[in-house]
Amino acid sequence: CIFVNNNEKFRDKLAEDSIECQLHYKYNFAHTPVLTNVETQTYSFTNFFNQHSISIPANQWLTDSEVEEVANKIIKNITSEDLNL
């Protein structure tokens, strides 16, 4: 998982470059209808993950060259805006 300014925009840029990423922390379940009667707090870290986290390909089945390709395409696509959290 890495953090960028806008995870959806960054995911789309990587997809255009043939790197598939996931947004695993897309929902803040504290805001679901089932919890409307429960006194909830603000979950700032949850909101941060919703907006900024992106899961990049990383598993034991990737070859060294595939890991390098993912890293190089992240470096190619990341901007100073992405790092300004």
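Everything numeric here is computed off the predicted structure, so don't read it as measured data.

**Student:** Looking at this structure, I do not really get the overall build of the protein. What am I missing?
**Tutor:** For the protein, the helix and strand inventory stands at four helices and two strands. Listing each helix as α and each strand as β along the protein from the N terminus yields β-α-α-β-α-α. The C-alpha radius of gyration computed for the protein amounts to 16 Å, which surpasses the reference 12 Å derived for 85 residues by more than 25%, pointing to a less compact arrangement than a globule. Each of the three principal axes of the protein carries a C-alpha extent, and together these read 50 × 30 × 20 Å.

**Student:** Any chance you could explain the packing of aromatic side chains here in plain terms?
**Tutor:** What describes a pair of aromatic rings is the distance from one ring centre to the other and the angle between the planes of the rings. Enumeration according to the criterion identifies three aromatic pairs in this entry. Seen in terms of ring centroids, F3 and F49 are 5.1 Å apart; in terms of plane orientation they differ by 90°. Their pairing is edge-to-face. Highlighted residues: F3 in strand β1 (residues 2–3) and F49 in helix α2 (residues 44–52), separated in sequence by 46 residues. In this structure F3 comes out as partly exposed when scored by relative accessible area, which is 32%. For F49, a relative accessible area of 27% puts it in the partly exposed group. Where Y25 meets F49, the ring centres are 5.0 Å apart and the plane angle is 75°; that geometry is what we call edge-to-face. Of this pair, Y25 sits in the loop between α1 (7–16) and α2 while F49 sits in helix α2, and the two are 24 residues apart along the sequence. An aromatic cluster is present here, built from F3, Y25, F48 and F49 joined pairwise through their rings.

**Student:** Looking at this structure, I do not really get the pattern of salt bridges. What am I missing?
**Tutor:** Side chains that differ in sign of charge can pair as their charged atoms come close. Scanning the model with the defined rule gives six salt bridges in all. The salt bridge partner of K26 is E8, with a shortest N-O separation of 3.1 Å. Residue K26 is found in the loop between α1 and α2, and its partner E8 is found in helix α1; the two are separated by 18 residues along the sequence. Classification of K26 by relative accessible area gives partly exposed; the value is 26%. Accessibility expressed as a relative area gives 35% for E8, which makes it partly exposed.

**Student:** Help me understand the environment of S65, please; the structure alone is not making it clear to me.
**Tutor:** With respect to the secondary-structure elements, S65 resides in helix α3 (residues 64–77). Separated by 56 residues in sequence, S65 and K9 place their C-alpha atoms 25 Å apart.

**Student:** Looking at this structure, I do not really get the side chain of H52. What am I missing?
**Tutor:** Residue placement: H52 occurs in helix α2. Among the polar contacts listed, one links the side chain of H52 to the backbone oxygen of N5, at a separation of 2.9 Å. Those residues within four positions of H52 in sequence are excluded, and the remaining contacts are I2, F3, V4, N5, N7 and L85.

Rules behind the numbers
Residues numbered from 1 in each chain as written. Predicted model: local features only at pLDDT ≥ 70, side-chain atom pairs only at ≥ 80, totals over all residues. Heavy atoms only, no water. Helix = DSSP H or I, 4+ residues; strand = E, 2+ residues; numbered from the N terminus. Rg over C-alpha atoms; globule rule 2.2 N^0.38 Å. Phe/Tyr/Trp six-rings, centres within 6.5 Å; stacked < 30°, edge-to-face > 60°. Buried < 20%, exposed > 50% of the residue type's maximum accessible area, 1.4 Å probe, protein only. Salt bridge = Lys/Arg side-chain N within 4 Å of Asp/Glu carboxyl O. Polar contact = N/O pair within 3.5 Å; in protein donor to acceptor, adjacent residues only side chain to side chain. Contact = heavy atoms within 4.5 Å.

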